[in-house]
Amino acid sequence: MALADYCTKNQLKTEFITKEQHDALIDPDNEDGAWVLRRSGGIRLKITSQSGEAIFSLRIEENIWHGYAEHVADWYKFAENSKVLFQIPSKDETSWLV
């Protein structure tokens, strides 16, 4: 969820990439990278800056992706509705409180 928050707050683009595209970004001499190269399932993402520069890529399990996507959607819903949450009602709207 921290990744979703970071990408959203910094307006980073998250896009799906193929296994081949992801594999091309991995240094085969990196032991962790070699493990990812052997994996066939999961979802592969590339995170890019607003200018289109690739920041990093990752492979995640599908169930984790669903949690990530739901969290981002919730973040956007909150951002869209935050103006309503923080509006101060006018005197006319609160006259019934008196």
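Our subject is the structure listed above.
A brief structural summary. Each chain has its residues counted from 1, running along the sequence as written. This being a predicted model, a pLDDT of at least 70 is required before a residue's local features are given, and a value of 80 or more before pairs of side-chain atoms are given or counted; all residues contribute to the totals for chains, interfaces and linings. Water and hydrogen atoms were dropped before computing side-chain values, which therefore reflect all heavy atoms in the structure.

Glancing now at the overall build of the chain. Each helix is a run of DSSP H or I of at least 4 residues and each strand a run of E of at least 2, with the numbering of both proceeding from the N terminus. The secondary structure content of the chain amounts to five helices and three strands. Its helices and strands in sequence order give the chain the pattern α-β-α-α-β-β-α-α, from N to C terminus. The proportion of buried residues among the 98 residues of the chain is 24%. Whether two residues touch is decided by their heavy atoms; if any such pair falls within 4.5 Å, the residues are in contact. Sequence-distant contacts, at least 24 apart, represent 50% of the contacts inside the chain between residues at least 6 apart. Carbon and sulfur atoms form 54% of the exposed surface of the chain, whose accessible area is close to 7500 Å². Note on classification: 1.4 Å probe, protein chains only; a residue is buried when its accessible area is under 20% of the maximum for its type, exposed when over 50%, partly exposed between these limits. The accessible surface values rely on the Shrake-Rupley method and a 1.4 Å probe; as for residues, cover is taken only from the protein chains in view.

Any two strands between which DSSP finds at least two bridges are classified as paired. Pairing is antiparallel across the open sheet formed by three strands, whose spatial order is β1-β2-β3. Each edge of the open sheet is held by one strand with a lone partner, namely β1 (13-17) and β3 (54-60). Each neighbouring strand pair of the sheet contributes to a mean axis angle of 25°, computed without reference to strand direction. Pairing between strand β2 (residues 43-48) and β3: six bridges, direction antiparallel. Each bridged residue has a counterpart across the sheet, and for Arg44 the counterpart in β3 is Arg59. Interaxial angle, 0 to 180 degrees, is taken between N-to-C directions of lines fitted to C-alpha atoms, where a helix line uses only the stretch in contact.

Salt bridges are defined as contacts in which a side-chain nitrogen from Lys or Arg sits within 4 Å of a carboxyl oxygen from Asp or Glu. By the definition in use, this model includes three salt bridges. A salt bridge links Glu61 to Arg59, with the shortest nitrogen-to-oxygen separation between them at 2.9 Å. Accessibility expressed as a relative area gives 32% for Glu61, which makes it partly exposed. Residues participating in the shared-partner salt-bridge network are Arg39, Arg59 and Glu61.

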